[in-house]
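Residues per chain, in single letters:
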Amino acid sequence: MNEHHLSVSLLVRQAARNLHRLEVLTEHPDWTDWVCRWHFWRTRRMMAMTPDEAADWLPAVAFAVSRERNAFVLPEFARWPLPEPLPPEALPWRDRLIQVWEQYPAATTQEKTIRLAALVRLDRRAERLPEWLHEARQAMDIKPENRRLRLAALAALAGWRPRPGDGPPHGGKAEAAQAWVRFWEERYRTPGSEPDGLIAATALLHLAEAGWLPSGPSPERLQEEVRRRVQQWKTTYQYRLLFQMALASVPAGSPSPEQKDITGWLELTHENVQWEKREVVWDMLAAWQRERILERSGRGRLPEPPLLLPDLARALKWERNNDVLRAMAGYIPGAVEVSTHPEAARAVVARWEALSRSDNWRTRREAWVVRWNFLRAGVLTTGEQGRFDTDYMEAIGAEDDRDVLLALAQITPPGTFPLAIWTRLLSDQGNWHRLAARLAIHGWLVDMTGGGQRRQVRQVLRRAGQDIGDGTVAPFINLPPEVWPDFRRLRGIETALAAGHLPPPPDAAAENRATPRAVPARLPEADPQTGPPGITDRTTGRTAGSEPPARHLFPEVIRHE
């Protein structure tokens, strides 16, 4: 292992791999299809991530936002999880992502609202309150016939929360903060509609939890107010995204989780409740679980933490709505839940196993992501792990839906990589199938050769007839050149990110790929990976890519393409 490899941290190394992966995806013809990008990012966001894993995707997300021009794909980036606090190495990546959003050429009101929602989540400094207040007052001036646009802008702004430990500003900054509080208090006292009241209660809840409302409503009262308004609001499909936006930030970063009454929210997951409400509530409960809020909160007034696994098991028996199932897929039980309710845990696992064989492609996709998340979280028993391996091999060989196959390509289970199956799919007639195969093989090669597992690479390639006998691998006998990573480009990205800089333009890497690299690559011996990839394991569960057409990775001026 050379000096460069030792000097690059695991966080930077993985960030470079993720960015490299996005570059290679942009080269594929089908990546121009917004549906392909949408499904890729929806699946990526469903996959469980540690705080470091969410952070090491930030350069790739910034790259994707700078190129994205579709209003259906953009919200996936606006909702990307942002851990607090960020690792020091990731701070420049967050700042660059903020700059990309600020420079984004939003051409429609919808795009402007998405950009606003992203910036409000990313930049929580009180110094920006004058700007957010200006946006809020402008939203109030939108004509009544455009009510949904007004509500969407207000819902985006309601997601602003003070940074942890930031009290109410003093001195010259106090005026803007006080005006911000007054704006939402007025909306709360005289809401023009049920959605207006819900949005205002959400905004005030963030302020109350941060101690910004010393004489206003308490966090407990506002929590109950939000739940009551959700229960009473007869929402429609047209207002579904607004509903999600208004509540997306409610569970995040609460400093007083013991005050949350989970029982009231669980009542909104029952079968007789609108599916739009079931969806948003399960989304909230899954977020609370990811942020470990439920481990420290009491169920109702009881002192013990709420263990929702039995509720999840009961709901999975009858739930058929794909959007609700997708929200439920985000709930990953912890070790305490699994040990306390083993029967419910096994029932949940068995149900997701059955759903991964559903006739509905969306259900299969969600179920496979859940099974992968459960594997990484240590929820599966030995027998369930064995079924996962068997089912995965069968699925990639038999799956005919392009979206499900793209999700399977992002899963990297332990054991022998199914190179033969993925290689066969490289010649498939469907472009998305070839894209999935390229993504899987390319990512596996990067992970293996870059993660100290070169012996496993050699063993698999030898079985595929690609080892020439003396420890040197000739990679282009059977594998096409485009699936092989450009390790020179990858190292350049690593070096730039490690130094706190943006990667250089990929011109040289694009030039290198103009002709096949026919020189054999030597892969030294190293111990193979033997255990399943845990959620905290920084060397597995990832894929990677290479570079886009000659263009600066993070252009200072973002253009329409």
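Here, every reference points to the structure presented above.
Scope of this entry: the structure provided in the associated data block. Predicted, not measured: the structure shown is a model, and the values here were computed from it. (Residues numbered from 1 in each chain as written. Predicted model: local features only at pLDDT ≥ 70, side-chain atom pairs only at ≥ 80, totals over all residues. Heavy atoms only, no water.)

With 17 residues, helix 22 (residues 382-398) should reach 24 Å at 1.5 Å per residue; the first-to-last C-alpha distance of 25 Å fits that figure. Taken together, the buried positions of helix 22 are Glu 384, Phe 388, Asp 391, Tyr 392, Ala 395 and Ile 396. Down the axis of helix 22, the sector holding all buried residues measures 125°, keeping them to one side. Exposed and facing more than 90 degrees away from the buried side of helix 22 are Thr 382, Glu 394 and Ala 398. (Helix = DSSP H or I, 4+ residues; strand = E, 2+ residues; numbered from the N terminus. Expected span 1.5 Å × (residues − 1). Buried < 20%, exposed > 50% of the residue type's maximum accessible area, 1.4 Å probe, protein only. Arc of directions from axis to C-beta.)

Trp 41, Trp 101, Trp 184, Trp 352 and Trp 422 are the most contacted members of the largest nonpolar core, which totals 162 residues. Those residues in contact with Trp 184 that sit more than four places away from it in its chain are Leu 154, Leu 157, Ala 158, Ile 199, Ala 200, Ala 203 and Leu 204. (Core = buried A, V, L, I, M, F, W, Y, C linked by side-chain atoms within 4.5 Å. Contact = heavy atoms within 4.5 Å.)

What follows deals with the packing of aromatic side chains. In this structure the tally under the stated criterion is 19 aromatic pairs. On the basis of an interplanar angle of 85° and a centroid distance of 5.9 Å, the ring pair of Trp 41 and Trp 80 is categorised as edge-to-face. With Trp 41 in helix 3 (residues 34-46) and Trp 80 in the loop between helix 6 (74-78) and helix 7 (91-103), this pair connects stretches of sequence that are 39 residues apart. With respect to class, Trp 41 is no different from Trp 80; both count as buried. Taking 6.4 Å as the distance between ring centres and 85° as the angle between the ring planes, the aromatic pair formed by Trp 265 and Trp 288 counts as edge-to-face. On the criterion of sequence distance, the pair formed by Trp 265 in helix 15 (residues 262-266) and Trp 288 in helix 16 (residues 275-290) is long-range, its members being 23 residues apart. Overall, Trp 288 belongs to the buried group, its relative accessible area being 0%. Members of the aromatic cluster, each reached through a chain of ring pairs, are Trp 31, Phe 40, Trp 41, Trp 57, Phe 77 and Trp 80. (Phe/Tyr/Trp six-rings, centres within 6.5 Å; stacked < 30°, edge-to-face > 60°.)

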